[in-house]
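Here is how the chains run, residue by residue.
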Amino acid sequence: MKRFLTVDDIGDLKAALAEAQQVKKTPFAWQDLGRNKTIILVFFNSSLRTRLSSQKAAQNLGMNTMVLNINEDSWKLETEMGVVMDGDKSEHLREAIPVIGSYCDIIGVRSFARFESRDFDYQETILNQFIQYSGRPVISLESATRHPCQAFADLITIEEHKTVARPKVVLSWAPHPKALPQAVPNSFAEWMKAADVDFVITCPEGYDLAPDIMQGAHLERDQRKAFEGADFIYAKNWSSFEQYGKILSKDRSWTVDAEHMSWTNNAKFMHCLPVRRNMIVSDEVIDSPNSLVIPEAANRVVSAQVVMKRMLESL
Ligand code: AN0
Ligand code: CP
């Protein structure tokens, strides 16, 4: 595996899930695979889970890990091509990326949507530069439009907790005070469409995801109807794709509370975290026995380890 950005990069999902089960059962079985290998994790944005689960996954595989927080530990980086660098940016990505590549065998990058230009974000300008100039396999640790390590962990969690062969999985928009990227819902939708589940998206007008993401997903505008018979509720806020990066609603009637959950088939509650309590989900729902947020986060080690293992195997 040379890159991990979308669901297409993982190949057959059944095989990936079987591998995830193996990795979870015997996490230290591949300690030799990563010996004398190094992964560098580059963060343009904050992280708790991605940072720690990636480090843990690398450690389980016997790899060395280095973490670079751009703007905090390093020079401020210029990302535009062809500019006169007379501002506050001391170094260009064009040099920084191959230098980082020269110190490691695998690179992980987190670079969120910037919301300055939909084209810049949706063309994955930053991530593609890492792919093009590093000479190393690249893992997306949440790019402008995708969060594949999260979606893979979500799929593993659904597989572990489902009680019917083909569960109904609902991705529900929920309110949030700040404009958030579409990366998590994009990836979740992409992975659920590829998985053996009945997948429904519910969101207010103006919050439809990109057309290629919506295509093949069942959209139900009425949140209550969407929740009826659901086995899994996956809540997430995202900003508008149409009116790119805008907050069009903070309607708290979309907050997932006990009444919302009463419409479901005793559904399990999921969220990628970090979550704002009583905005996205009420205390009683996230604290209930049906909440999977902690095992879901724990599975981030498993998804990251499968990806890194496959990359090490193809070095
Ligand atoms: C980010 C997002 O919504 O993309 C990261 C989620 C994993 N969330 C926040 O910035 C709160
Ligand atoms: N879910 C997730 O990616 O969390 P962090 O932003 O803390 O890494």
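This section reports on the structure supplied with the text. Positions within a chain are numbered from 1, following the residues in the order the chain's sequence is written. Starting at A for chains and at 1 for ligands, labels are handed out in the order in which the entities are written. For a predicted model such as this one, the threshold for reporting local features is a pLDDT of at least 70, and the threshold for listing and counting side-chain atom pairs is 80 or more; totals across whole chains, interfaces and linings nevertheless cover every residue. Processing note: side-chain calculations cover all non-hydrogen atoms of the structure and skip hydrogens and water entirely.

All right, on to the nonpolar core then. Of all hydrophobic cores here, the largest spans 63 residues; its most connected members are Phe4, Ile10, Ile139, Phe152 and Phe199. Working definition: helices are DSSP H or I runs of at least four residues, strands are E runs of at least two. Numbering for both runs from the N terminus. Ranked by residues supplied to this core, first place goes to helix H12 (residues 293-313) with eight residues. Looking at which domains feed residues into this core, each of domain 1 (3-146 + 300-314) and domain 2 (150-296) supplies at least three. Buried Ala, Val, Leu, Ile, Met, Phe, Trp, Tyr and Cys residues form a nonpolar core when they are joined through side-chain atoms within 4.5 Å. Exposed residues in this analysis have more than 50% of their type's maximum accessible area, buried residues have under 20%, and partly exposed residues fall in between, with area computed by a 1.4 Å probe over protein chains only. Core analysis: the next-biggest nonpolar cluster, separate from the first, contains 20 residues, Ala174, Met261, Ala267 and Ala297 among them. Those domain boundaries reflect an automatic or database domain assignment.

Right, let's get into the sheet that holds strand S8 (residues 168-173). Strand pairing requires that DSSP identify at least two bridges connecting the strands. Read across the open sheet, the five strands follow the order S10-S9-S8-S11-S12; overall the sheet is parallel. Of all strands in the sheet, those bounded by a partner on one side alone are strand S10 (218-219) and strand S12 (268-270). The contact criterion used is simple: two residues touch if any of their non-hydrogen atoms lie within 4.5 Å. The axes are straight lines fitted to the C-alpha atoms, using for helices just the contacting stretch, and the angles between their N-to-C directions are given from 0 to 180°. Along the sheet, helix H7 (residues 183-194) contacts S8, strand S9 (198-202) and strand S11 (232-236); its crossing angle with S9, the most-contacted strand, is approximately 155°.

Time to look at the packing of helix H3 (residues 93-102) against helix H5 (residues 125-134). The N-to-C vectors of H3 and H5 enclose an angle of 55°; their axes lie 9 Å apart at closest approach. On the basis of their axis angle, the class for H3 and H5 is oblique. The way H3 lies across H5 gives a crossing that is right-handed. On the side of H3, the interface is formed by Leu93, Arg94, Ile97, Pro98 and Gly101, while H5 contributes Ile126, Gln129, Phe130, Tyr133 and Ser134. Residue composition of the contact of H3 with H5, by class: six nonpolar, three polar and one charged. Angles are sorted into four bins: roughly parallel if under 35 degrees, roughly antiparallel if over 145, roughly perpendicular if 65 to 115, and oblique for all others. Two helices crossing with the near one rotated counterclockwise from the far one by less than a right angle form a left-handed crossing, whereas a clockwise rotation gives a right-handed crossing. Classification convention: Asp, Glu, Lys, Arg as charged; Ala, Val, Leu, Ile, Met, Phe, Trp, Tyr, Cys, Pro as nonpolar; all other residues, Gly among them, as polar.

Lining the immediate surroundings of ligand 1 are Phe112, Glu142, His147, Leu180, Pro181, Lys236, Cys272, Leu273 and Pro274. Measuring from an oxygen atom of ligand 1, one finds a side-chain N or O atom of Glu142 at 2.7 Å. Between ligand 1 and the protein, one listed contact pairs an oxygen atom with a side-chain N or O atom of Lys236 at 2.7 Å. Isolated, ligand 1 exposes 330 Å² of accessible area, and the fraction of that covered by the protein chains is 82%. Here the shell around ligand 1 is composed, by residue class, of six nonpolar, one polar and two charged. If even one non-hydrogen atom of a residue comes within 4 Å of a molecule or strand, that residue is called near it. Contacts described as polar in this section are N or O atom pairs within 3.5 Å, which, within protein, must combine one atom able to donate a hydrogen with one able to accept it, while residues neighboring in sequence count only if both atoms come from side chains. Note on areas: these come from Shrake-Rupley sampling with a 1.4 Å probe, and a residue is covered only by the protein chains present in the view.

To continue, consider H5. Within H5, the full set of buried residues consists of Ile126, Leu127, Gln129, Phe130, Ile131 and Ser134. Looking at the buried positions of H5, the neighbouring elements they touch are strand S1 (3-4), strand S2 (38-43), H3, strand S6 (106-110), helix H4 (118-122) and strand S7 (138-140). Where H5 ends, the next residue or the one after it, Gly135, has phi of about 70°, a positive value.

This paragraph deals with the side chain of Glu124. Tracing the backbone through its elements, the reader meets Glu124 in the loop between H4 and H5. Here Ala144 takes part through its backbone nitrogen, which lies 3.3 Å from a polar atom of the side chain of Glu124. Glu124 has contacts with Leu5, Ser143, Ala144, Thr145 and Arg146, leaving out every residue within four places of it along the chain.

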